[in-house]
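An overview of the molecular structure
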Amino acid sequence: MRVVILSSSPYSETGCAAAARLAELGFIPAGALTLPSWDRATLVRKLGQWGLRDSYRYAVAKLSPGKFATENQVRNPYLETMLKNKDREGIFRSLREVARHFEFPVATVSDQNSPRAVGQLNDWSPDVAIFTGGNILRDKLLKVPRLGILNSHLAPLPEIRGMSSPEWSLLRELPLSITIHFMDKGIDTGPILLRRQFRRAEECNSLVDLRNRMIAEGIDLIAEAVTGLDRGTIAAAPQADGEKDHQFFVMHDRLKTLAARRLKEGLKPVASGTNPSGGGNA
Amino acid sequence: MRSNSNSNASRSREKGKTRRALTEAAALLLAPQRAIPLVTKIASDKWRTTFESRHLYSYASTTIPTENALRLLIDWILNAQGRDGGVAAYYSLFTGYSDSYPEVTGYIIPTLYDYSTTTGDPVPRKAAERATQWLLSLQMPSGAFPAGLHAPTSDPQPSAFNTGQILQGLVRAHRETHNETEKAEILDRAQRAGTWLAQIQQPDGSWIGPAAYQGSAHTYYSMVSWALAQLAAESNDPRHAAAADRNIDWVLGQARPTGWIDGINLEGHPIYLHFIAYVIQGTLECGILRHREDAIQVAKRSAWVLLRKFETHKRLLGTYEPDFTRGQTFSCLTGNAQMSCVWLRLGEVTGDLRYLNAALKINEMLKESLRTKGPEGLSGGVAGSYPIWGAYQPMRFISWGSKFLADALMLEERLTREVERKFLTKLEASECAS
């Protein structure tokens, strides 16, 4: 099975962890396609998500490893095991380090849909690509891998598509779930390979913690999906509910407060199977 | 003939623009102190438009609490109210406050009552009462209210749209008035206005002719049918209810599967978001009052298209072409506030929190646009356009902008508290059960 990693930055922990995890399982990537580390849109987005102080600390930790202890080098602590370099002390801090270790090429492109990106992906002729972040992918790129491009979506599909998906699952009283699906032209509308309930929500102490744990579990599920595809034991099924608009958008902080309350206090009844219906649909 | 009348209209519009430019330049010469706020506002909007950055995960946020923003908006309206009780249409950065505007004074009345009810502040209530008395003094013998800005010396022309908007104010004033004689008087005047509207309505439900803007039918007159539906609910007169239904039937006939509703029909003007939002809001509110699921669904379809656009691009355009294909890139702030009201009401009706989510975000952006300090007319004012030189009411702070944003913020507070209360009650109940 020829696998390619698509990453939003050479320093993306999710991208590094996915590449390392698959390589450990024997699926050494045929290549990794990444946006540049100084991509303006990514930087602005990260500044917005993390704030100036955290972004600075993250950048320093990635670029000057000597100054920080190992635990400070990983923003998502649940990825640490996957990011550990087994042959020497320390962790993989960038895709280039993972690539050096497992001997696969990394290509940097300014846009994952650019002709250069499509050409590079064609050269690697992957069976499957793993999306760990970046641009909204267009048809030309989506068609390159023989089987398709996999995405780990942190919510049940088709019920919750789009953004702030764990938070919306909480507010809509849907079981927290991770769905591995093939990407298509729509937003999270492609055929589903795996859908699994996330059962460790009660251990989470915040929405950030929840998201971090789900990202890590999503990588495990990606690995399971790739293994299943390789062995021919799983197949994708198209999503139902094509008529309804299940797209969700970035959640406002005031609603996030409610989602956080539900995570802390109210998850038990839903986890045991009550009211998965949610509200109306537009 | 048609092309002759078009070129005449176009010439008259050009003349109007020139006249306005000359008036504004002259006003600035007479009051040079206005140059400072004018330049400051232009510079600050230029700065913001140059450096603001939007991305998929972002939304504007502000440090102005909703309560403070509301106070600023209401103070702006109170400052814009003249001695006669009428509220100015706008504050121009060149010419200052305009004359009183009957149409807007009418639909500002419910906003003032809502604010007083919410906060217990009696001043806006008094202002609403003065506004009502002024409007009653303008009613024509036919029951109609006049078009345009208040001009005591000119010959008043009846206007269906203005009558509808003033009707909203009268219906609310009737509900809020406790003196029986005054209450009966207000209802009688409101009914006369409603009956006039029903009488001049076309068999297809639209309004055309001399009482309609530019003589033609407009779907944004759904705001008139909303007022008629309010009157019908207050007076139980089936004629008013039937007139509202007839107009909504006509509006629904203009709806396309794309969510676009045809028939705004403003010759010589682009289709501003303000008018699109009028169509949707009138259709939705009339649909709710008249229990018309068909109207609610049509409004919902249009509102959802705009919600998706706002969520994806982080803003709404100032104008749209049919089927929302493209438009001008400035923001029509009052249109944004109106859409916020629509989304909040849809959130209330459907229970879908995505509407509340979008409204919370657009309200943040609108609150951020308010100036918290500064001279009267600027502080708490909602500009026609952002940036201020955009095509809709350029260089002006408009009273209906303040009205719709105040409505949106009050709705937001009410709905958010309701959602929080329901949510927490549910959580507590599930904790008890477990």
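Residues numbered from 1 in each chain as written. Chains lettered and ligands numbered in written order. Predicted model: local features only at pLDDT ≥ 70, side-chain atom pairs only at ≥ 80, totals over all residues. Heavy atoms only, no water.

1. A closer look at the overall build of chain A
Across its full length, chain A carries 10 helices and 9 strands. When the 282 residues of chain A are sorted by exposure, 53% land in the buried category. For chain A, the proportion of contacts with a sequence separation of at least 24, taken over those separated by at least 6, is 70%. Surface summary for chain A: the accessible area is close to 12,600 Å², and the carbon and sulfur share equals 49%. (Helix = DSSP H or I, 4+ residues; strand = E, 2+ residues; numbered from the N terminus. Buried < 20%, exposed > 50% of the residue type's maximum accessible area, 1.4 Å probe, protein only. Contact = heavy atoms within 4.5 Å. Areas by Shrake-Rupley, 256 points an atom, 1.4 Å probe, with all protein chains shown as cover.)

2. Looking at the pairing of strand 2 (residues 31–34) of chain A
All names here are of chain A. Here strand 2 shows a buried face lined by G31 and L33 and a second buried face lined by A32 and T34. With 4 bridges connecting them, strand 1 (residues 3–7) and strand 2 associate as parallel partners. Paired with I5 across the bridge in strand 2 is A32. Considered for its hand, the β-α-β crossover made up of strand 1, helix 1 (residues 13–24) and strand 2 is right-handed. Pairing of strand 2 with strand 3 (residues 106–108), which is carried by 3 bridges, proceeds in the parallel orientation. In the sheet register, T34 faces strand 3, and the bridge partner there is T108. (Pairing = 2+ DSSP bridges. Right-handed = clockwise from strand over helix to strand, strands pointing away.)

3. A closer look at the nonpolar core
One finds A:L150, B:L306, B:M339 and B:W343 to be the most contacted residues of the largest nonpolar core, which totals 195 residues. Listed in part, the 18 residues of the second largest apolar core include A:A30, A:L121, A:L137 and A:L141. (Core = buried A, V, L, I, M, F, W, Y, C linked by side-chain atoms within 4.5 Å.)

4. Considering the confidence of the model for chain B
When pLDDT is averaged across chain B, the result is 92; 95% of the residues are at 70 or more. For this predicted complex, the interface score ipTM comes out at 0.88, while the overall pTM is 0.89. (pLDDT = per-residue confidence, 0-100.)

5. Here's the deal with the sheet that holds strand 7 (residues 177–182) of chain A
Sheet strands associate in pairs through backbone hydrogen bonding, adopting either a parallel or an antiparallel arrangement. Residue and element names in this part refer to chain A. In space, the 7 strands of this open sheet follow the order 3-2-1-4-5-7-8, with mixed pairing throughout. In the strand order of this sheet, the two ends are held by strand 3 and strand 8 (192–197), each with one partner. The mean inter-strand angle of the sheet, taken between neighbouring strand axes irrespective of direction, is 20 degrees. Of the pairings in the sheet, the one linking strand 7 to strand 8 comprises 5 bridges and is antiparallel in character. Residue pairing in the sheet places I178 in a bridge with R196 of strand 8. The strands touched by helix 4 (residues 95–102) within the sheet are strand 1, strand 2 and strand 3, with strand 3 carrying the most contacts at an inclination of about 150 degrees. Helix-sheet contacts for helix 5 (residues 115–124) involve strand 1, strand 2 and strand 3, and the interaxial angle to strand 2 is about 170 degrees. (Axes fitted to C-alpha atoms, helices over the stretch in contact; angles between N-to-C directions.)

6. Some words on the side chain of B:S159
Residues and elements named next belong to chain B. Among the secondary structure elements, S159 is positioned in strand 4 (residues 158–159). Exposure remark for S159: the relative accessible area of 7% places this residue in the buried category. Side-chain polar atoms of S159 contact the backbone nitrogen of N162, separated by 3.0 Å. With near-sequence residues (within four places) excluded, S159 lies in contact with F145, P146, A147, W196 and A211. (Polar contact = N/O pair within 3.5 Å; in protein donor to acceptor, adjacent residues only side chain to side chain.)

7. Considering helix 13 (residues 353–368) of chain B
Taking 1.5 Å as the rise per residue, helix 13 of chain B with 16 residues should run 22 Å; its terminal C-alpha atoms sit 23 Å apart, in good agreement. The buried fraction of helix 13 of chain B is high, at 15 of 16 residues. (Expected span 1.5 Å × (residues − 1).)

8. Digging into the environment of A:I136
Residue and element names in this part refer to chain A. Its place among the elements puts I136 in the loop between strand 4 (128–131) and helix 6 (139–142). Owing to a relative accessible area of 40%, I136 belongs among the partly exposed residues under this scheme. In this structure, the C-alpha to C-alpha distance between I136 and K185, residues 49 residues apart in sequence, is 8.8 Å.

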